[in-house]
Amino acid sequence: MEKEYRSNLCTFMGRRNNVEILHKYIEEALKINAIDRYYMIDMTRNIDDHNLIQSEKDRLNEKFPGRVFVHNDDKQKQLLESGEEIVGGSWAPFYSFLDSFEDNDVIIKCDDDTIYIDVETLEAACELRW
């Protein structure tokens, strides 16, 4: 039976060390179809981390075509290249991004410092939320 919803994991991205841990779980969740789509929200504070997110998108998209996306990357790149100091950060890019989802979308939000995801029960959690 085909499910009635689409599961979307959205992560505020920024720090290299965190991404390396988190993406082990994300990759497994995509592999076993515990999530349908993965969105990295670029909230980086330096160009090296921004570039890492771009390379991770390319790497994951090669394994899971059409299921991995980056949001806010153009605006973040412009901000980083301007040389302005990034202090704090506005969550507005993420919350305005939520308007692009449809009524049959389940949205899971996590931060890049999440160090464990039980991927085996993630689909059941989405089903429960749906």
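The text that follows walks through the structure, step by step, so that each part is easy to find.

1. Side note on the pattern of salt bridges
A side chain of one charge can pair with a side chain of the opposite charge if their charged atoms are brought near each other.
Stage number 1. Counted according to the given criterion, the structure contains 11 salt bridges.
Stage number 2. Note that aspartate 105 and arginine 6 form a salt bridge whose closest N and O atoms lie 2.8 Å from each other. In this pair, aspartate 105 is assigned in strand S4 (residues 105-111) and arginine 6 in strand S1 (residues 6-13), connecting sequence segments 99 residues apart.
Stage number 3. In this structure aspartate 105 comes out as buried when scored by relative accessible area, which is 10%.
Stage number 4. Note on arginine 6: relative accessible area 25%, which makes it partly exposed.
Stage number 5. In this structure, the salt-bridge partner of lysine 109 is aspartate 111, at a minimum N-O distance of 2.7 Å.
Stage number 6. Looking at aspartate 111, the relative accessible area reads 30%, which means it is partly exposed.
Stage number 7. Each of Arg6, Arg37, Glu102 and Asp105 takes part in a single network of salt bridges with overlapping partners.

2. Let's talk about the environment of isoleucine 35
Stage number 1. Looking at the secondary structure, you find isoleucine 35 in the loop between helix H1 (16-31) and strand S2 (37-42).
Stage number 2. A sequence separation of 72 residues divides isoleucine 35 from isoleucine 107, and the C-alpha atoms of the two residues are 9.9 Å apart.
Stage number 3. Those residues in contact with isoleucine 35 that sit more than four places away from it in its chain are Ser7, Leu9, Ala29, Leu30, Arg67, Ile108 and Leu122.

3. Details of the packing of aromatic side chains
Stage number 1. If you walk through the whole model with that rule in mind, you get 8 aromatic pairs.
Stage number 2. Taking 5.5 Å as the distance between ring centres and 80° as the angle between the ring planes, the aromatic pair formed by tyrosine 25 and tyrosine 116 counts as edge-to-face. Remark: tyrosine 116 occurs in the loop between S4 and helix H5 (119-129) and tyrosine 25 occurs in helix H1; sequence separation between them is 91 residues.
Stage number 3. Here tyrosine 25 falls in the partly exposed class, since its relative accessible area comes to 23%.
Stage number 4. Residue classification places tyrosine 116 among the exposed positions, given a relative accessible area of 54%.
Stage number 5. Counting every residue linked through ring pairs, the aromatic cluster contains Tyr39, Phe69, Phe97 and Phe101.
Stage number 6. Lying over the aromatic face of phenylalanine 12, lysine 109 brings its terminal NZ or CZ to 4.4 Å of the ring centre.

Rules and cut-offs
Residues numbered from 1 in each chain as written. Predicted model: local features only at pLDDT ≥ 70, side-chain atom pairs only at ≥ 80, totals over all residues. Heavy atoms only, no water. Salt bridge = Lys/Arg side-chain N within 4 Å of Asp/Glu carboxyl O. Helix = DSSP H or I, 4+ residues; strand = E, 2+ residues; numbered from the N terminus. Buried < 20%, exposed > 50% of the residue type's maximum accessible area, 1.4 Å probe, protein only. Contact = heavy atoms within 4.5 Å. Phe/Tyr/Trp six-rings, centres within 6.5 Å; stacked < 30°, edge-to-face > 60°. Lys NZ or Arg CZ within 6 Å of the ring centre and 35° of its normal.

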